[in-house]
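Each chain is listed here by its residues.
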Amino acid sequence: MKKYELIPLPYAMDALEPVVSKETIGFHHGKHLQAYVNNLNAAIEGTAYADMPLEEIVKKSEGGVFNNAGQILNHNLYFTQFRAPKADNQPTGRIAEAINAQFGSFEAFKEEFTKKGATLFGSGWVWLSADAEGKLVITQETNAGNPVQRGLKPLLTFDVWEHAYYLDYQNRRPDHLAALWQIIDWDAVNARW
Ligand code: MN
């Protein structure tokens, strides 16, 4: 069977500071995500999931296999959508056009997306996805949920589990979410669509 591996970061551990500290990256990527990878490898050994692509496991599994597979897929998308902070970081290309057409402006979109992240109770993720008709959709997913379970194409995500921000922002989840817009790599987001 194939073993899942920790996805490498496309930037240095301190590249996202001060928005996300290298300590947070160290725990979040090096400990939390690594644990999901280790757990999934142990859980699928000798099962029908052993040679299945990750997205298919997420769509078909439940319980512990789903929780770990979902969290790997979620974090792989999360960690590969960032770059060093830019004060006036704006979307580009197709995603910029679609955001303006559907939400009126980037500011209006940011407000709705950030609010969905701030108001998600407990642990989970807020997602921007595209549906089969190319329309953008914002969804809240609890725990390890991913929009592929609803047949959507995930484009952008904010992790609202406390481990994503507690070292840097403690209980101030809205401040963390507001700061994340500075580090979104919109070229990476467009490349997913
Ligand atoms: Mn996380």
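Below is a short write-up of the structure. Small disclaimer: the values here were computed from a predicted structure and weren't measured.

This part covers the environment of S61. Tracing the backbone shows S61 in the loop between α2 (54–60) and α3 (63–79). You can call S61 buried: its relative accessible area is 9%. Here the alpha-carbon distance between S61 and N74, two residues 13 residues apart in the chain, equals 15 Å. Filtering out sequence-adjacent residues up to four positions away, S61 remains in contact with Y49 and F66. Of the polar contacts made by the side chain of S61, one reaches the backbone oxygen of I57; its length is 2.7 Å. Here F66 takes part through its backbone nitrogen, which lies 3.3 Å from a polar atom of the side chain of S61.

Attention now goes to the packing of helix α4 (residues 93–103) against helix α5 (residues 106–118). Two elements in contact, α4 and α5, have axes separated by 8 Å at closest approach and are oriented at 80 degrees. Overall, the two elements α4 and α5 adopt an arrangement that is roughly perpendicular. Contacts between α4 and α5 involve I99, N100 and F103 from the first element and F106, A108, F109 and E112 from the second. Tallied by class, the residues present in the contact of α4 with α5 amount to 5 nonpolar, 1 polar and 1 charged.

Donor atoms from the polypeptide that coordinate the manganese ion comprise H28 (NE2), H75 (NE2), D159 (OD) and H163 (NE2), at 2.0 to 2.1 Å from the metal. Between consecutive donors of the manganese ion, the numbers of intervening residues give the motif H-x46-H-x83-D-x3-H. Highlighted residues: H75 in helix α3 and H163 in the loop between β3 (153–159) and α6 (166–169), separated in sequence by 88 residues. You can call H75 buried: its relative accessible area is 0%. For H163, a relative accessible area of 18% translates into the label buried.

So, on to unusual backbone geometry. A cis amide bond links E17 with the next residue in sequence, P18, at an omega value of 5 degrees. Phi at N143 is positive, roughly 50 degrees, even though this residue is not glycine. Following the sequence through the fold, N143 ends up in the loop between β2 (136–142) and β3. Although it is not a glycine, Q170 adopts a positive phi angle of roughly 50 degrees. The residue Q170 is located in the loop between α6 and α7 (173–180) in this model.

Let's shift gears to the nonpolar core. If you look at the biggest cluster of nonpolar residues, it comprises 58 residues, and the most contacted ones within it are F109, F113, L156, W181 and W186. The element best represented in this core is α3, accounting for 8 residues.

Criteria and thresholds
- What you see as residue numbers is a count from 1 along each chain, following the sequence as written.
- The predicted nature of this model means local features are confined to residues of pLDDT at least 70 and side-chain atom pairs, given and counted, to a pLDDT of 80 or more, with totals for whole chains, interfaces and linings taken over all residues.
- Processing note: side-chain calculations cover all non-hydrogen atoms of the structure and skip hydrogens and water entirely.
- Put simply, DSSP H or I for four residues or longer makes a helix, DSSP E for two residues or longer makes a strand, and each gets a number counted from the N terminus.
- Each residue gets one of three labels from its accessible area relative to the maximum for its type: buried under 20%, exposed over 50%, partly exposed in between, using a 1.4 Å probe on protein chains only.
- Two residues form a contact once any of their heavy atoms are found within 4.5 Å.
- Polar contact criterion, stated in full: a pair of N or O atoms within 3.5 Å, where within protein one must be able to donate a hydrogen and the other to accept it, and residues adjacent in sequence count only if both atoms are side-chain atoms.
- Between N-to-C directions, angles span 0 to 180 degrees; the directions come from axes that are lines fitted to C-alpha atoms, helices contributing only their stretch in contact.
- Roughly parallel means an angle under 35 degrees; roughly antiparallel means over 145; roughly perpendicular covers 65 to 115; every other angle is labelled oblique.
- In the scheme used here, Gly and all other residues not listed as nonpolar or charged are polar, with Ala, Val, Leu, Ile, Met, Phe, Trp, Tyr, Cys and Pro taken as nonpolar and Asp, Glu, Lys and Arg as charged.
- Shown as donors are all N, O and S atoms within 2.8 Å of a metal ion, widened to 3.2 Å for Na, K and Ca; because water is not in the atom set, sites may appear incomplete.
- Side-chain atoms within 4.5 Å are what join buried Ala, Val, Leu, Ile, Met, Phe, Trp, Tyr and Cys residues into a set we call a nonpolar core.

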